[in-house]
Structures are given as structure tokens and as C-alpha cells.
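Coordinates in review
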Amino acid sequence: MALITWDEHYSVKIEEIDNHHRRLFQILNDFYQGLRANQVKESILKLINELYDYTNYHFQAEEKLMEQYGYPKLAEHRKIHQDFINRVQDYRDRFASGRLLISIEVTNFIRDWLVNHILKTDMEYSEYLTSRGAK
Ligand code: FEO
């Protein structure tokens with residue numbers, strides 16, 4: 001069973017960004033399945049690294065788009081991204097050094113953060129960017 005499923009209510013009406021969010025959901029689902037299947041530490045680390053790297057890639061692309069269109073809340077949005085990246089990095093480093101046993105709670109935190117972020121913070125730029133030509 002998937003932890004999270006993308007549907008239209010997550011759409012920010014910008015194709016590239018929707019595709020990124022879909023991919024993030026997929027990576028998170030793979031991570032969740034890996035945990036449930038009790039995969040070895042190296043496999044879990046690989047999955048959390050993938051999540052970290054893709055999240056970074058997505059945030060950078062999203063910030064570039066907001067910058068391109070002069071979105072007024074970019075600085076605030078960037079700070080929220082950075083805080084999340086720091087948190088995932090901390091999980092990753094603690095797990096890699098054996099100081100954290102990654103649990104379903106961590107996965108749920110990441111899922112809840114992503115859902116909340118897309119539906120509130122990302123959704124806020126949707127009309128601003130699409131009304132200026134982003135698609
Ligand atoms: Fe789609 Fe602001 O992350």
C-alpha cells in the first residue's frame with residue numbers, strides 16, 4: 001500500500017512542478033516500502049539520499065521559477081525549504097552514523113510536511129505564477 005498518492009487536488013497548475021511533486025511522492029513511497037520490508041541499512045540510506053537529493057533539486061527549480069516571475073514571497077518560501085532540507089539532512093546523518101533508527105514516524109513526518117507544504121505554501125504561488133504565464 002502506498003503511503004501517499006498524488007491526485008489533482010495537489011496540482012499547482014504548472015506541469016514541471018506537478019511532475020516534481022509526483023516524483024517526490026513516488027520516492028517517499030519507495031522509502032516507506034523499504035522500511036516496511038526491513039531492508040538493510042545501505043538500502044535505506046540510498047533511499048533517504050535519493051529523497052534528499054531530489055528534494056533539493058525540486059526546491060532549487062521551484063525557487064528559480066519564483067525568482068523568474070518576481071514572486072514577492074520568495075524569501076519566506078526559500079527559508080521554509082531550507083529548514084526542511086536541514087531536517088532531512090539531520091535525519092540522514094544521524095541514521096548514517098547509527099544514532100537514529102528511522103521509523104514510520106519519520107516517514108509520516110516527511111509525508112505530512114510535504115502535503116501541508118504543497119497544499120498551503122506552494123499553492124499560494126500558483127495563481128501568481130500562472131497568471132503571469134507559467135505553465
Ligand atoms: Fe514544491 Fe515549495 O516545494
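These remarks concern the structure in this document. It should be emphasised that the depicted structure is a prediction, and the values quoted were computed from it without experimental measurement.

Examining the overall build of the protein
What the protein contains, in helices and strands, is four helices and zero strands. In the protein, the succession of α and β elements from N to C terminus is α-α-α-α. Whereas a compact globule of 135 residues would reach a radius of gyration of roughly 14 Å, the protein reaches 15 Å, a difference of no more than 12%. In the protein, which comprises 135 residues, the proportion classed as buried is 44%. Partitioning the intrachain contacts of the protein with sequence separation of at least 6 by distance along the chain shows that 76% fall at a separation of at least 24. When the accessible surface of the protein is summed, it comes to about 7500 Å², and 48% of that surface belongs to carbon and sulfur atoms. Each charge sign in the protein was given a centre, from 18 positive and 21 negative side chains, and these centres are 2 Å apart.

A few points about the nonpolar core
Counting 30 residues, the largest nonpolar core has L28, F31, I102 and I110 as the members making the most contacts within it. Counting residues per element, the ones that place at least two in this core are α1 (15-36), α2 (41-68), α3 (74-96) and α4 (104-130). Dropping the residues within four chain positions of it, F31 is found in contact with I44, L47, I48, I102 and T107. Ranked by size, the runner-up nonpolar core spans ten residues in total, among them V12, L65, M66 and Y125.

Regarding the packing of α2 against α3
α3 packs onto α2 with a crossing angle of 170° between their chain directions and a minimal axis gap of 10 Å. Here α3 runs roughly antiparallel to α2, going by the angle between their axes. When the residues that make up the contact of α2 with α3 are grouped by side-chain class, the tally is 13 nonpolar, six polar and six charged.

Things to note about unusual backbone geometry
A positive phi angle is found at K13, which is not glycine, with a value near 70°. Take K13: it is sitting in the segment before α1. Phi at N38 is positive, roughly 55°, even though this residue is not glycine. Note on placement: N38 falls in the loop between α1 and α2. Relative accessible area serves as the criterion here: at 69%, N38 is assigned to the exposed category.

As for the pattern of salt bridges
This model, assessed by the stated rule, comprises eight salt bridges. One salt bridge connects E63 with R78, and the closest N-O pair in it is separated by 3.1 Å. With E63 in helix α2 and R78 in helix α3, this residue pair connects regions lying 15 residues apart in the sequence. Among the residues examined, E63 registers a relative accessible area of 12% and is labelled buried. Under the relative-accessibility criterion, R78 is labelled partly exposed at 35%. For the salt bridge of R94 with D90, the shortest nitrogen-to-oxygen distance reads 2.8 Å. With a gap of four residues between them, R94 and D90 both fall in helix α3, about one helical turn apart.

Calculation criteria
- Residues numbered from 1 in each chain as written.
- Predicted model: local features only at pLDDT ≥ 70, side-chain atom pairs only at ≥ 80, totals over all residues.
- Heavy atoms only, no water.
- Helix = DSSP H or I, 4+ residues; strand = E, 2+ residues; numbered from the N terminus.
- Rg over C-alpha atoms; globule rule 2.2 N^0.38 Å.
- Buried < 20%, exposed > 50% of the residue type's maximum accessible area, 1.4 Å probe, protein only.
- Contact = heavy atoms within 4.5 Å.
- Areas by Shrake-Rupley, 256 points an atom, 1.4 Å probe, with all protein chains shown as cover.
- Lys, Arg positive; Asp, Glu negative; His and termini not counted.
- Charge placed at Lys NZ, Arg CZ, Asp CG, Glu CD.
- Core = buried A, V, L, I, M, F, W, Y, C linked by side-chain atoms within 4.5 Å.
- Axes fitted to C-alpha atoms, helices over the stretch in contact; angles between N-to-C directions.
- Parallel < 35°, antiparallel > 145°, perpendicular 65-115°, else oblique.
- Nonpolar A, V, L, I, M, F, W, Y, C, P; charged D, E, K, R; others polar.
- Salt bridge = Lys/Arg side-chain N within 4 Å of Asp/Glu carboxyl O.

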